[in-house]
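# Structural characterization, general
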Amino acid sequence: MTEPETQKTRTHTVVQGDYRISGEIDLVLSTVLGSCVSVCLHDPHAQVGGMNHFLLPSRDGSNKNNIRYGAHAMELLINGLLKKGARRDRLQAKVFGGASMAANLRDIGQSNAEFAKQFLDQEGLPIFSESLGGTMARRVKFWPYSGKAQQLLIPNDPGLSVAPAKAPTRKSESVTLF
């Protein structure tokens, strides 16, 4: 069952270093990503899902259990879903973000994207869809009850980049992933 299009929905914004898990039919999780990555996991049988938003892949040492890092953010998301009745063997992933936002900086987005894909592969969690890389930010919406996801690509402001940015062919692009 998917959420009725006419039903009023509530939106919860998942900010950097945050995650949220829900099975509520009227809740939409939303975030905006640049070089950060968001992994959305969903168990279609339990009708529960969640979204995280991490800034960096991982870090060794005393600060490694910080949700800003992908390794910890992924563990919190998976464990939280299992507590809500999801089963690991039914989890489906949708992965977003990892853009290269500044030409003169190390490509953190690529590192984040590679980390997310490698983590999911090592955990045996299938990626059902992904939108990673590029040079545009993304606004992502995820319906944890149904697993539906939607993104809006946001063109980079050429004034913010040191290297000239390639002009987008369209002002913005909306993609719905089922």
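Refer to the structure presented above.
This text gives an overview of the structure that appears in the document.

Calculation criteria
- Residues numbered from 1 in each chain as written.
- Predicted model: local features only at pLDDT ≥ 70, side-chain atom pairs only at ≥ 80, totals over all residues.
- Heavy atoms only, no water.
- Pairing = 2+ DSSP bridges.
- Helix = DSSP H or I, 4+ residues; strand = E, 2+ residues; numbered from the N terminus.
- Axes fitted to C-alpha atoms, helices over the stretch in contact; angles between N-to-C directions.
- Contact = heavy atoms within 4.5 Å.
- Buried < 20%, exposed > 50% of the residue type's maximum accessible area, 1.4 Å probe, protein only.
- Polar contact = N/O pair within 3.5 Å; in protein donor to acceptor, adjacent residues only side chain to side chain.

What follows covers the sheet that holds strand β2 (residues 18-22). What the five strands build is an open sheet, ordered β2-β5-β4-β6-β7; its pairing is mixed. The open sheet is flanked by β2 and β7 (127-132), the only strands paired with a single partner. Going across the sheet, the axis of each strand differs from the next one's by a mean of 10°, ignoring polarity. The pairing of β2 with strand β5 (residues 48-53) spans five bridges and is classified as antiparallel. In the sheet register, Ser22 faces β5, and the bridge partner there is Gly49. Against the sheet, helix α1 (residues 70-83) touches β2, β4 (37-43) and β5, its axis set at about 165° to β5. Across the sheet, helix α2 (residues 108-122) lies against β4, β6 (92-97) and β7, angled at about 25° from β4, the strand it touches most.

With that settled, the discussion passes to the environment of His12. Along the chain, His12 turns up in strand β1 (residues 10-13). Judged by its relative accessible area of 23%, His12 falls in the partly exposed class. Considered as a pair, His12 and Val28 are 16 residues apart in the sequence and their alpha carbons are 6.3 Å apart. Setting aside its immediate chain neighbours within four residues, His12 contacts Asp18, Arg20, Leu27, Val28, Leu29 and Ser30. A distance of 2.9 Å separates a polar atom in the side chain of His12 from a polar atom in the side chain of Arg20.

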